[in-house]
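What follows is each chain in one-letter form.
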Protein chains: 2
Amino acid sequence: MAQAPISRRVTLRDIAERAGVSVSAVSMALSDHARIGEQTKREIRAVAQELGYVTNSAARALRAQRTGTLALVVPNTGQHVFNHPYFMHLLDGVNEVVNEVDGTLLISTNPDERHGVAAYERILRSRAADGAIIASAAADDPGVLRLLDSGVPVVLVGHYPRIPDAVAIGVADVDGGRAATDHLVGHGATRIATITGPHNHQTSIDRLEGFTRSLHAAGLEPVGIAEGDFGEESGRAATAALLDEHSDMQAIFVANDEMAYGALLELRARGLDVPGDVRLVGYDDFGVSRLTTPALSTVTVPAVDVGRRAARRLLDLIDRNVPEPRTETLPVSLTTRASCGC
Amino acid sequence: MAQAPISRRVTLRDIAERAGVSVSAVSMALSDHARIGEQTKREIRAVAQELGYVTNSAARALRAQRTGTLALVVPNTGQHVFNHPYFMHLLDGVNEVVNEVDGTLLISTNPDERHGVAAYERILRSRAADGAIIASAAADDPGVLRLLDSGVPVVLVGHYPRIPDAVAIGVADVDGGRAATDHLVGHGATRIATITGPHNHQTSIDRLEGFTRSLHAAGLEPVGIAEGDFGEESGRAATAALLDEHSDMQAIFVANDEMAYGALLELRARGLDVPGDVRLVGYDDFGVSRLTTPALSTVTVPAVDVGRRAARRLLDLIDRNVPEPRTETLPVSLTTRASCGC
DNA sequence: TTGAAAGCGTTACCAT
DNA sequence: ATGGTAACGCTTTCAA
């Protein structure tokens, strides 16, 4: 049990004593306050440098009532709802902004509900972060509502029609579903099915809405609608179910790429060619889609940009600037590869 | 600029006044200290509950000289050295342990070098975290050495022969390289090449070492050794170069799956069949390998477990328990799919 | 131009 | 069994 040789921490007082000035002079010098003489500042900074001074963040936070930390909250990670690649991209974007403002980034996931009070509630109310970005919460998560009520600065990622006054940043999922389906129609398909995500996620609802609108505009009816959970296996199972009931199906719009990959496996297992027998369009474009054979046509979601914007809005909120309009919706774009028949 | 109705924060003092006791009584009651009467405790807790009290983490950290926060540091994220899936898995494992101990997790990446002092140095020295897990640092990163010197609790992820007294947790990359190559040899290949990662990463060095040892044990010589950067494009380029020089090559051991995917593309572009003409084994098994056609045989790295163990060791270190031995090496396993010819 | 002191919310020690 | 108080390191107001 050798005691690690922890370097004694250097405080403002140490610098003050060494430089022969007061603690407050040091504080002001280091924050470049105007009232300290240039010469004195230089000396103080030299001493600070020499001693290797670094601000103690707890003390600063306590005094300033602000931590300089943003929290990125991901409910239900363990359940693999909305899976990894999406989160990574979001994280990239958030992190970029946090670094720009020299802040720190705290990650909170809620693997299961065993903690009664959700982990993110604890974090925010303990003031460990100045605010939070909440990613991919279920549309009806009560924890989210409580958090919003408590007045803590919160930015939601996604589209929450039932919480209209929340600050949220989402993507145009209705448009995306519509564009994907339009494209399938454009290829001449008339018997088109869809595999959706879980119905308690607004994302699923919106993508389905786009699908339905597209078909109606074309005077078509959906051949089948199957629900998945955004995981590969569920996509495979949904495809099997659709195929069993509608052997004449010509195309499927799948609400994310993981499930589309499952669909690909099932179609291949049945000896059906993609896109020869069945055309496929997925959704997300987080890497998986590039790798499959055939490569998936998909709707590209600008997740990194979502992260960036969410972080910027959160910083605004923390500064008590409520952005108007409160919700922002980023456009998506269709990326055609091989699976649609292009 | 409507002022958000921030709920006034509740402090110990508020509870004390309301309950008609002292602040210290409240503090002790809430931490279940033995000196407070059961009845008093109950009353105090009731008031705390009613007022919605939550400990202020800055104040607690300042007082206790401990934050309850672990930092996960990823140098060079922006440069795509060691890319996303690996990091995600590590994060999963670390997060799991952090949740177990009711801690918080702070993420720090260093997108570029513009901050002179690396972001992670700032974070640790400011005592924003009690310690750090450093993932995938270059073997010679000076920031890492400075951090270790400064006595901050640090666990390195990987294998660092040049820093023997550091606490580190790695995987058996030499074994992995050897197992992969042995397997290729077992398939009857004699003209075998390898594509390595960047030579300043110990991981690359170790995987190559395993490759070389395997060949020597079999009485073979490497047909070619090309260096990549762990990215898909570099794998493709390396494969092209190898193919140009050694058209009789029968197999390639590729040091990660992303590069192996690049190799697959190049081989396909030249009309060569995998595994018919060239056998391929990759490394990592973070998802990509399942999706390619043919599916990649690869060395499975237990990244989630690495994250878990790194976090546990870091907690030990913070408690001043230096684990012995200081370095731990987790075994890897070969996962055979189609690309090797199985 | 600079110094002294108060206070941010906790915890722990010394009294009572 | 409980209350008062000092201290953690910092920022800022008030004096000088």
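Rules of the game
- Residues numbered from 1 in each chain as written.
- Chains lettered and ligands numbered in written order.
- Predicted model: local features only at pLDDT ≥ 70, side-chain atom pairs only at ≥ 80, totals over all residues.
- Heavy atoms only, no water.
- Pairing = 2+ DSSP bridges.
- Helix = DSSP H or I, 4+ residues; strand = E, 2+ residues; numbered from the N terminus.
- Axes fitted to C-alpha atoms, helices over the stretch in contact; angles between N-to-C directions.
- Contact = heavy atoms within 4.5 Å.
- Near = heavy atom within 4 Å.
- Polar contact = N/O pair within 3.5 Å; in protein donor to acceptor, adjacent residues only side chain to side chain.
- Least-squares fit on C-alpha atoms with pLDDT ≥ 70 in both.
- Phe/Tyr/Trp six-rings, centres within 6.5 Å; stacked < 30°, edge-to-face > 60°.
- Buried < 20%, exposed > 50% of the residue type's maximum accessible area, 1.4 Å probe, protein only.
- UniProt positions renumbered as here; feature names shortened; annotations may be inferred.
- Nonpolar A, V, L, I, M, F, W, Y, C, P; charged D, E, K, R; others polar.

Chain A is annotated in an unreviewed UniProt entry as LacI family transcriptional regulator of Motilibacter rhizosphaerae.

S.K.: Any chance you could explain the sheet that holds strand 9 (residues 279–284) of chain B here in plain terms?
M.R.: Backbone hydrogen bonds hold the strands of a sheet together, and the pairing may be parallel or antiparallel. All names here are of chain B. If you walk across this open sheet you meet the six strands as 7-6-8-9-10-12, and the pairing is mixed. In this open sheet, the two strands that pair with only one neighbour each are strand 7 (224–227) and strand 12 (333–335). Ignoring which end each strand starts from, the neighbouring axes of this sheet average 20 degrees apart. Taken strand by strand, helix 10 (residues 232–245) contacts strand 6 (192–196), strand 7 and strand 8 (251–254), and its axis lies near 150 degrees from that of strand 6.

S.K.: Would you mind going over the protein's contact with DNA strand C with me for this structure?
M.R.: Near DNA strand C, the surroundings consist of 24 residues, among which Gly37(A), Arg63(A), Leu12(B), Tyr53(B) and Arg63(B) are the closest. A share of 64% is what sugar and phosphate atoms reach among the atoms of DNA strand C within 4 Å of the protein. Separating a phosphate oxygen of DNA strand C from a side-chain N or O atom of Thr40(A) is a distance of 3.0 Å. Residue Leu12(B) places a main-chain N or O atom 2.8 Å away from a phosphate oxygen belonging to DNA strand C. Among the secondary structure elements, those contributing two or more residues to the surface near DNA strand C are helix 2 (23–30) and helix 4 (57–64) of chain A together with helix 2 (23–30) and helix 4 (57–64) of chain B.

S.K.: What's the story with the relation of the copies chain A and chain B in this structure? I'm lost.
M.R.: Here the second copy of the chain follows from the first by a rotation about an axis and a shift along it. The transformation that overlays chain A on chain B combines an axial shift of 0.1 Å with a rotation of 180 degrees, and the residual RMSD is 0.1 Å. Overall, the copies show the geometry of a two-fold rotation axis. Mapped onto chain B, 100% of the interface residues of chain A are again interface residues, and the two copies thus contact each other with one and the same surface.

S.K.: Would you take a moment to explain the sheet that holds strand 3 (residues 131–135) of chain B for this structure?
M.R.: Read from one edge to the other, the open sheet built from twelve strands follows the order 11(A)-5(A)-4(A)-3(A)-1(A)-2(A)-2(B)-1(B)-3(B)-4(B)-5(B)-11(B), with strand pairing classed as mixed. Two strands close off the open sheet at either side, each with one partner strand: strand 11 (327–330) of chain A together with strand 11 (327–330) of chain B. Each neighbouring strand pair of the sheet contributes to a mean axis angle of 20 degrees, computed without reference to strand direction. The sheet contacts of helix 5 (residues 84–100) of chain A involve strand 1 (69–75), strand 2 (104–110), strand 3 (131–135) and strand 4 (154–157) of chain A together with strand 2 (104–110) of chain B, and relative to strand 2 of chain A the element is tilted by about 155 degrees.

S.K.: Hey, could you run me through the environment of Val301(A) in this one?
M.R.: Residues and elements named next belong to chain A. By secondary structure assignment, the location of Val 301 is in the loop between strand 10 (298–300) and helix 13 (303–318). The sequence separation of Val 301 and Met 28 amounts to 273 residues, and the corresponding C-alpha distance is 46 Å. Every residue in contact with Val 301, bar those within four places of it in the chain, is listed here: Val 171, Arg 207, Tyr 283, Asp 284, Phe 286 and Val 332.

S.K.: Could you clarify how one ought to interpret the packing of aromatic side chains in this entry?
M.R.: When we look at a pair of aromatic rings, we describe it by the centre distance and by the angle of the planes. Following the criterion strictly, the structure yields six aromatic pairs over all chains and no others. Geometrically, the ring pair formed by Phe253(A) and Tyr283(A) is tilted, given 6.1 Å between the ring centres and 55 degrees between the ring planes. Of the two residues, Phe253(A) sits in strand 8 (residues 251–254) while Tyr283(A) sits in the loop between strand 9 (279–281) and helix 12 (288–291), which places them 30 residues apart along the sequence. On the basis of relative accessible area, Phe253(A) is assigned to the buried category, the value being 1%. Of the residues examined, Tyr283(A) reaches a relative accessible area of 0% and is grouped as buried. Considering the side-chain rings of Phe211(B) and Phe253(B), the 6.2 Å spacing of their centres and the 20 degrees angle between planes classify their relative orientation as stacked. With Phe211(B) in helix 9 (residues 202–217) and Phe253(B) in strand 8, this pair connects stretches of sequence that are 42 residues apart. The pair formed by Phe211(B) and Phe253(B) is uniform in burial state, with each residue classed as buried. Members of the aromatic cluster, joined through ring pairs, are Phe211(A), Phe253(A) and Tyr283(A).

S.K.: I would appreciate a short explanation of the UniProt feature "domain: HTH lacI-type" (unreviewed entry) in chain A in the present structure.
M.R.: In this structure's numbering, the residues bearing the UniProt feature "domain: HTH lacI-type" (unreviewed entry) are residues 10–64 of chain A. The straight-line gap between the two end C-alpha atoms of residues 10–64 of chain A is 20 Å; of that span, 69% is helix and 0% is strand.

S.K.: Even after reading the chapter, I still don't get the environment of Val101(B), so can you show me in this structure?
M.R.: Along the chain, Val101(B) falls in the loop between helix 5 (84–100) and strand 2. Along the primary structure Val101(B) and Asp257(B) are separated by 156 residues, whereas in three dimensions their C-alpha atoms are 34 Å apart.

S.K.: Where do I start with the protein's contact with DNA strand D in this structure?
M.R.: Lining the immediate surroundings of DNA strand D are 25 residues, of which Leu12(A), Ser24(A), Tyr53(A), Arg63(A) and Gly37(B) lie closest. Put simply, 62% of the atoms of DNA strand D that lie within 4 Å of the protein are in sugar or phosphate. One nitrogen or oxygen atom from the side chain of Ser27(A) is found 3.1 Å from a phosphate oxygen belonging to DNA strand D. For DNA strand D, a base nitrogen lies 3.4 Å from a polar atom in the backbone of Ala59(A). Those elements that provide at least two residues to the surface near DNA strand D are helix 2 and helix 4 of chain A together with helix 2 and helix 4 of chain B. The leading source of residues in the surface near DNA strand D is helix 2 of chain A, at four residues. Class assignment for the residues of the surface near DNA strand D results in nine nonpolar, eleven polar and five charged.

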